[in-house]
Amino acid sequence: MDLRQLEYFVAVAEERNFTRAAERVHISQSGVSAQIRRLERELGAELFDRSSRTAALTVAGKAALEHARAALAAAGAVGRAVGEVTGLIRGRLTVGMVIGCTVTPLFDALAAFHRAHPGVEISLLEDNSDRLVEGVRTGAVDLALIGTPAPTPEGLDALTIISERLVAAVPDGDPLVRRRRVTLRDLAERPLICMPPGTGLRTLLDRACAAQGLRPVIALQASAADAVADLAARGLGVAVLSTSMAASHGDRLTARTVEDVETPALLALVWRSGSNPALRELLVHSRQAFAVLPGGGGDEGA
């Protein structure tokens, strides 16, 4: 049994899919499968139920998972401890980014960090906010840029990047353009175009509607704000976006703040407290990069 096999095992367990796990660890699917088979032979038990479309853990796999995570964490701690003494930071960081995000200071932060600490391997993945938060909680993701309704996820540290109101965006000629005040009930009477479940904006919309007993018609969904705006510009429904998302399409859409949704939509960096020096350094670069945005460098805390 070696650390590489444990890494592949944890990747498959967390991704619940051999193909995605192979992409995550940057080897072929056949390579991952072969190493998992070797580990299973050594342990004398199957770790995954391969009879379904997802790679579900067996009872033995569930029993092994936390110990495998602990072994990998301990191995990483050895390298970090040596790095603290020698002043050289090494290791690996997994950074998550909400799908469709176009906030480029994250890339600036990663570039600056890479130049300062080339010995740290960086992996970048896209997913919806809910899954990224879960990844941070389990340790599969070290730092994630997510969209979330206030407050930020419980139990995690967070840096608010942007805090904005929810808006309805429509093309010229739409009846909402002539209205100075738009409410959630107005939107519930129209087909809406919004982001899918698991994203911060959708969670904010769903919670606000539930609080008022409204059941809006979700006509179309898209993971990227640009796609939501494109669909709305073609008259297919009312786009539900944040202020800055709508503002970037001001040449073809008019935005109206949803007056009775006062809870802001947040864009935030989230992470789990710990002693990882690489993560601490990446946070330094992230704060510097995001300070250029309105609302950048906001309050920290869970």
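In the block above lies the structure referred to throughout.
The sections below set out a description of the structure shown in this document. Computed from a prediction, not measured in an experiment: that's the story for all the values here. (Residues numbered from 1 in each chain as written. Predicted model: local features only at pLDDT ≥ 70, side-chain atom pairs only at ≥ 80, totals over all residues. Heavy atoms only, no water.)

1. Quick look at helix H8 (residues 200-211)
Each full turn of the α-helix corresponds to 3.6 residues, which orients residues three or four apart in the same direction. The end-to-end C-alpha distance of H8, which contains 12 residues, comes to 17 Å, matching closely the 16 Å that a straight helix rising 1.5 Å per residue would cover. For H8, the full list of buried residues reads Gly 200, Leu 201, Arg 202, Thr 203, Leu 204, Leu 205, Ala 208 and Cys 209. At the C-terminal side of H8, Gly 213 shows a positive phi close to 70 degrees. (Helix = DSSP H or I, 4+ residues; strand = E, 2+ residues; numbered from the N terminus. Expected span 1.5 Å × (residues − 1). Buried < 20%, exposed > 50% of the residue type's maximum accessible area, 1.4 Å probe, protein only.)

2. Topic: helix H9 (residues 225-233)
For H9, the complete set of buried residues consists of Ala 225, Val 228, Ala 229 and Ala 232. Buried positions in H9, seen along its axis, are confined to an arc of 95 degrees and lie on one side of it. Contacts made by the buried residues of H9 are with strand S7 (166-170), strand S8 (191-194), strand S10 (238-242) and helix H10 (243-247). One or two residues past the end of H9 sits Gly 235, with phi positive at roughly 80 degrees. (Arc of directions from axis to C-beta. Contact = heavy atoms within 4.5 Å.)

3. A few points about the environment of Val 182
Locating Val 182 in the fold gives a position in the loop between S7 and helix H7 (184-188). Given the relative accessible area of 0%, Val 182 is considered buried. Sequence-wise, Val 182 and Ala 255 are 73 residues apart; in three dimensions their C-alpha atoms are separated by 10.0 Å.

4. A look at the packing of helix H1 (residues 3-15) against helix H3 (residues 29-43)
The interhelical angle for the contact between H1 and H3, taken along N-to-C directions, is 110 degrees, at an axis separation of 9 Å. Considering the angle they form, H1 stands roughly perpendicular to H3. Listed contacts from H3 to Arg 4, Gln 5, Leu 6, Tyr 8, Phe 9 and Val 12 of H1 are Val 32, Gln 35, Ile 36, Arg 38, Leu 39 and Glu 42. Residues that form the contact of H1 with H3 fall into these classes: seven nonpolar, two polar and three charged. (Axes fitted to C-alpha atoms, helices over the stretch in contact; angles between N-to-C directions. Parallel < 35°, antiparallel > 145°, perpendicular 65-115°, else oblique. Nonpolar A, V, L, I, M, F, W, Y, C, P; charged D, E, K, R; others polar.)

Distances and angles like these do not, on their own, reveal function.
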